[in-house]
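Summary of the model geometry
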Amino acid sequence: MKNRDRKEVSQLSRKEGVGLAERWRLLSDCRDFPSLVQNASPSLLDLFEMQVKEYLNMGELSERYLNEVPRSICWYEGLIDTEMLLMEIGECAVL
């Protein structure tokens, strides 16, 4: 992550405090949320939050969806750990 993005997250952390948990309510329920906040940009966290929300609101998972499950969902469900997710987001711009 770029230094500018890290500064933005740090500023968000200081300014908003509890607001972070509200902004990323679903992600904040996860054990490693603090680590994710420190290492991912706010825009990526927004994307992850949206993906998890959509996933949880799905009535039934289609085969097409299961073939292309976002990595954020794999992390949310505990299929990959936070370190693996962070390594992957460091290597590619789009998940």
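In this report, the structure presented in the accompanying data block is examined. All figures in this text were calculated on a predicted structure; none of them were measured in a lab. (Residues numbered from 1 in each chain as written. Predicted model: local features only at pLDDT ≥ 70, side-chain atom pairs only at ≥ 80, totals over all residues. Heavy atoms only, no water.)

**Some words on the overall build of the protein chain**
- Helix and strand counts for the protein chain come out as 8 helices and 0 strands.
- Out of the 95 residues belonging to the protein chain, those deemed buried represent 35%.
- Long-range contacts, defined as pairs at least 24 residues apart, comprise 50% of the intrachain contacts of the protein chain with a sequence gap of at least 6.
- When the accessible surface of the protein chain is totalled, it reaches about 6400 Å², and 48% of it is carbon and sulfur. (Helix = DSSP H or I, 4+ residues; strand = E, 2+ residues; numbered from the N terminus. Buried < 20%, exposed > 50% of the residue type's maximum accessible area, 1.4 Å probe, protein only. Contact = heavy atoms within 4.5 Å. Areas by Shrake-Rupley, 256 points an atom, 1.4 Å probe, with all protein chains shown as cover.)

**Things to note about the packing of aromatic side chains**
- The full count for this structure, using the stated rule, is 1 aromatic pair.
- Summarising the aromatic geometry, the rings of tyrosine 55 and tyrosine 65 are spaced 6.4 Å apart at their centres and angled 20 degrees between planes, so their arrangement reads as stacked. Of this pair, tyrosine 55 sits in helix H5 (residues 42-57) while tyrosine 65 sits in helix H6 (residues 63-67), and the two are 10 residues apart along the sequence. The pair formed by tyrosine 55 and tyrosine 65 is uniform in burial state, with each residue classed as buried. (Phe/Tyr/Trp six-rings, centres within 6.5 Å; stacked < 30°, edge-to-face > 60°.)

**As for the side chain of serine 72**
- Counting through the fold element by element, serine 72 comes out in helix H7 (residues 71-76).
- Only 2.4 Å separates the side chain of serine 72 from the side chain of glutamine 51, close enough to count as a polar contact.
- In this structure, serine 72 is in contact with Phe48, Gln51 and Val52, ignoring residues within four places of it in sequence. (Polar contact = N/O pair within 3.5 Å; in protein donor to acceptor, adjacent residues only side chain to side chain.)

**Let's talk about the nonpolar core**
- Leu27, Leu36, Leu45, Phe48, Trp75, Leu85 and Ile89 are the most contacted members of the largest nonpolar core, which totals 22 residues.
- Top element by residues in this core is H5. It accounts for 5 residues.
- Apart from residues lying up to four places away in sequence, leucine 36 is in contact with Leu45, Phe48, Trp75, Leu85 and Leu86. (Core = buried A, V, L, I, M, F, W, Y, C linked by side-chain atoms within 4.5 Å.)

**So, the pattern of salt bridges**
- In the structure shown here, the tally under the stated rule is 2 salt bridges.
- Where aspartate 46 meets arginine 23, a salt bridge forms, and the shortest distance between an N and an O atom there is 2.8 Å. Of this pair, aspartate 46 sits in helix H5 while arginine 23 sits in helix H2 (residues 18-23), placing them 23 residues apart in sequence.
- On the basis of relative accessibility, which here comes to 34%, the residue aspartate 46 falls in the partly exposed class.
- Given the relative accessible area of 35%, arginine 23 is considered partly exposed. (Salt bridge = Lys/Arg side-chain N within 4 Å of Asp/Glu carboxyl O.)

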